[in-house]
Amino acid sequence: MLADQRPAYAKSRALCVGGILACMTLTWPVVAAVLLGALLHASWNALVKSSTDKALDNAVMSALGALLALPALFVVGLPDPAAWPFIAASVTIHIGYYATLTRAYQHGDLALTYPLMRGSAPVLVALSAAFTVGESLSPIAWVGVLAVSGGVLALGFARGLHASGQAVGFALANAVLIAMYTTVDALGVRRSGDALAYVLVLFVANGWPFALLVVARRGWPKTLHYARRRWPWAVPGACASLASYGLALWAMTQAPVATVAALRETSVLFAAIIGVWFLRETFSLQRVLGTAMIVAGVVALRLG
């Protein structure tokens, strides 16, 4: 009986090497971890939008994220050297991400720009996955990706499509950068040997470039004054950002990148729920339909 099982086991192992990782599946524990990360992601983005200076808020959160990750890195250790080129590429992409995120929030409302950024990115990741990470989605998984993205956009456009061209342009540019760093980090974390070590190094390295660029434009006195006033909110925001992306990258070592990327964008649904519960916003018919699409998409992703 054991002899009969060996060829199948060997075939399964062969499918898991060479970066193809075809044996990966999206289990319910992984779904739960990504959904928790999505809730945390919606939370720290809401903090940024609520601030009086989006650029400074992003800079302070980035720097605090680096400071929080550094002590943990001494305990966890460094990732495999094969992951370092991907960390360097991700840091470069994230500079553009923070810049376009800040400009999108400056020119447009969070209710429009955030869903547009997050809803477009999973489709871009899925389209490129076959070429970048060697993963091809099943038809039902494609249905899940499109349903989640469509639901995210439906929630975002529930208040109408009124927005400046600059806001839309920066949001779409941000979506491209999200797809880029998602793919780069998925490749890097799978070569790191330790997902936590990869995330910690990424946050330590990623926290300073954008922050220093903002300081160069605003000056140290204004930045320090803002940080002293904002730190009680920036610390939990930085923790939420670190935990959110850490959970997503760990999930990408367990499941296909495109399915995790799509599932992570349910953060828009959590943002809508927060708006209804705490801000007394109306849960319109379009929001109901968007929510139903996202839920159906999550189920399809799990089945796919």
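Residues numbered from 1 in each chain as written. Predicted model: local features only at pLDDT ≥ 70, side-chain atom pairs only at ≥ 80, totals over all residues. Heavy atoms only, no water.

**Some thoughts on the overall build of the protein chain**
Rules: For helices the rule is a DSSP run of H or I covering at least 4 residues; for strands it is a run of E covering at least 2, with both sets numbered from the N terminus onward. Exposure classes here rest on a 1.4 Å probe applied to the protein chains alone. A residue is buried below 20% of its type maximum, exposed above 50%, and partly exposed in between. Note on contacts: a residue pair is in contact if any heavy atoms of the two residues lie within 4.5 Å. A 1.4 Å probe and the Shrake-Rupley method give the accessible areas. Residues count as covered only by the protein chains that appear here.
Across its full length, the protein chain carries 13 helices and 0 strands. The buried share among the 304 residues of the protein chain stands at 49%. Restricting the contact set of the protein chain to residue pairs at least 6 apart, pairs at least 24 apart contribute 87%. Accessible surface, the protein chain: about 13,900 Å² in total, of which carbon and sulfur atoms supply 71%.

**Describing the environment of Leu101**
Within the secondary structure, Leu101 sits in helix H4 (residues 84–107). A relative accessible area of 1% places Leu101 in the buried class. If we skip the residues at most four places from it in the chain, Leu101 touches Trp44, Asn45, Asn58, Met117 and Asn174.

**Re the environment of Ser120**
The line we're drawing: Whenever a nitrogen or oxygen atom comes within 3.5 Å of another N or O atom, the pair is scored as a polar contact, on the condition that within protein one atom can donate a hydrogen and the other can accept it, and that pairs from neighbouring residues in sequence are kept only if both atoms are in side chains.
Along the chain, Ser120 falls in helix H5 (residues 110–132). In the structure, Ser120 is positioned 29 residues away from Ser149 in sequence and 6.5 Å away in space, judged by C-alpha atoms. Dropping the residues within four chain positions of it, Ser120 is found in contact with Pro115, Leu172 and Ala175. For Ser120, the side chain forms a polar contact with the main-chain oxygen of Leu116, separated by 2.8 Å.

**A look at the nonpolar core**
Going by this rule: Here, nonpolar core means buried Ala, Val, Leu, Ile, Met, Phe, Trp, Tyr and Cys residues that are tied together by side-chain atoms lying within 4.5 Å of each other.
With 82 residues, the main nonpolar core has Leu26, Tyr97, Met117 and Leu249 as its most contacted residues. When residues of this core are assigned to their parent elements, the largest contribution, 10 residues, is made by helix H10 (residues 220–252). Apart from residues lying up to four places away in sequence, Leu249 is in contact with Asp185, Val189, Tyr198, Val199 and Leu202.

**Observations concerning the pattern of salt bridges**
Basically, it comes down to this: For this analysis, a salt bridge means a side-chain nitrogen from Lys or Arg found within 4 Å of a carboxyl oxygen belonging to Asp or Glu.
Across all of its chains, the model carries 4 salt bridges by this definition. With a shortest N-O distance of 2.8 Å, Arg190 and Glu135 are connected by a salt bridge. With Arg190 in the loop between helix H7 (165–189) and helix H8 (195–206) and Glu135 in the loop between H5 and helix H6 (139–156), the pair connects residues that are 55 residues apart, well separated along the chain. Judged by relative accessible area, which is 7%, Glu135 ranks as buried.

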